[in-house]
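This is what each chain is made of:
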Amino acid sequence: MIYVSRHEHFNAAHKLYNSSWTKEKNEEVFGPCANENWHGHNFDLIVTVKGEPNQDTGFVVDLKKLSTLIRKEVIEVFDHKNLNLDVEVMRGKMASTENMAIEIWKILQSTLPNITSTARLHCVKLYETPRNFVEYFG
Ligand code: NI
């Protein structure tokens, strides 16, 4: 089994705010991410798929096609958006990196078969900052 990854980038705004808590508790738990008037992050998304190299191409997946798929299905949905207000798949959820990774997984799990019949989704890795990232394996 070989693992192949593609790295993409987007930025988006959010706030982390639980409306059933006081402002003080939100600030205590979420720190600057609770800022009422939003703030942005530069997200790095690394999508890993797995499979065996195709005999004719030597590829597990055509990375051009994978890049196009990620951009069309994920980046266009999230890039330059307000995660709390603009992104349908995030509606009603806390706009955390964890929840984003889960939603990105669902999108790619259902659309990856459009570009490959053999490679399978392995991991969605999402950096909110260079030091904070999550990984989701489905
Ligand atoms: Ni934040």
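One can find the structure itself at the top, above this paragraph.
Before going into details, it helps to say that this report is about the structure given with it.

## Considerations on the overall build of the protein
Within the protein one finds three helices and five strands. Traced from its N-terminal end to its C-terminal end, the protein shows the element sequence β-α-β-α-β-α-β-β. Taken along its principal axes, the extent of the C-alpha atoms in the protein is 60 × 25 × 20 Å. Looking at the 138 residues of the protein, the share that counts as buried comes to 41%. Carbon together with sulfur atoms contributes 50% to the accessible area of the protein, which is approximately 8,100 Å² in total.

## Some thoughts on the coordination of the nickel ion
Within the protein, His-14 (NE2), Cys-33 (SG), His-39 (NE2) and His-41 (NE2) serve as the donor atoms for the nickel ion, at 2.1 Å. For the nickel ion, the four donor atoms in the first shell make angles of 93 to 128 degrees at the metal, a pattern classed as tetrahedral. The motif formed by the donor residues of the nickel ion, counted along the single chain, is H-x18-C-x5-H-x1-H. With His-14 in strand β1 (residues 2-14) and His-39 in strand β2 (residues 39-51), this pair connects stretches of sequence that are 25 residues apart. You can call His-14 buried: its relative accessible area is 0%. On the accessibility criterion, His-39 (18% relative accessible area) is buried.

## Quick word on the nonpolar core
Judged by nonpolar contacts, the single largest core of 35 residues is most densely connected at Phe-10, Leu-45, Val-49, Phe-78 and Leu-108. Elements represented by at least two residues in this core include exactly β1, β2, α2 (63-78), α3 (97-111) and β4 (120-127). If we ignore the near neighbours within four places in the chain, the residues touching Leu-108 are Val-47, Leu-69, Ile-70, Val-74, Pro-113, Leu-121 and Val-124.

## Digging into the sheet that holds strand β3 (residues 81-82)
Pairing is mixed in the open sheet, where five strands are placed in the order β3-β1-β2-β4-β5. In the strand order of this sheet, the two ends are held by β3 and β5 (133-136), each with one partner. Of the strand pairs in this sheet, β4 and β5 are connected by four bridges, and their pairing is antiparallel. Bridge assignment links Lys-125 to a residue of β5, and that residue is Glu-135. Sheet contacts for α2: β1, β2 and β3; angle to β1, the most-contacted strand, approximately 20 degrees.

## Looking at the pairing of β2
Counting buried positions along β2 gives 10 out of 13 residues, so the element sits mostly inside the fold. Sheet topology note: the β1/β2 ladder contains 13 bridges and is antiparallel. Bridge pairing in β2 links His-7 to Ile-46. Bridge analysis of β2 against β4 gives seven bridges, and the strand direction is antiparallel. Each bridged residue has a counterpart across the sheet, and for Asp-44 the counterpart in β4 is Tyr-127.

## A short note on the packing of aromatic side chains
Taken as a whole and judged by the stated rule, the model has five aromatic pairs. Each ring, one from Phe-10 and one from Phe-78, has its centre 5.8 Å from the other, and the planes form 40 degrees; the classification is tilted. Taken as a pair, Phe-10 in strand β1 and Phe-78 in helix α2 lie far apart in primary sequence, 68 residues in all. Accessibility expressed as a relative area gives 1% for Phe-10, which makes it buried. With a centroid separation of 5.8 Å and 20 degrees between ring planes, the pair formed by Trp-21 and Phe-30 is classed as stacked. Here a set of aromatic residues connected by ring pairs shows up, and it is made of Phe-10, Phe-43 and Phe-78.

What counts and what doesn't
- Residues numbered from 1 in each chain as written.
- Predicted model: local features only at pLDDT ≥ 70, side-chain atom pairs only at ≥ 80, totals over all residues.
- Heavy atoms only, no water.
- Helix = DSSP H or I, 4+ residues; strand = E, 2+ residues; numbered from the N terminus.
- Buried < 20%, exposed > 50% of the residue type's maximum accessible area, 1.4 Å probe, protein only.
- Areas by Shrake-Rupley, 256 points an atom, 1.4 Å probe, with all protein chains shown as cover.
- Donors = N, O, S within 2.8 Å, 3.2 Å for Na, K, Ca; no water.
- Tetrahedral: all angles 85-135°; square planar, octahedral: opposite > 155°, others 65-115°.
- Core = buried A, V, L, I, M, F, W, Y, C linked by side-chain atoms within 4.5 Å.
- Contact = heavy atoms within 4.5 Å.
- Pairing = 2+ DSSP bridges.
- Axes fitted to C-alpha atoms, helices over the stretch in contact; angles between N-to-C directions.
- Phe/Tyr/Trp six-rings, centres within 6.5 Å; stacked < 30°, edge-to-face > 60°.

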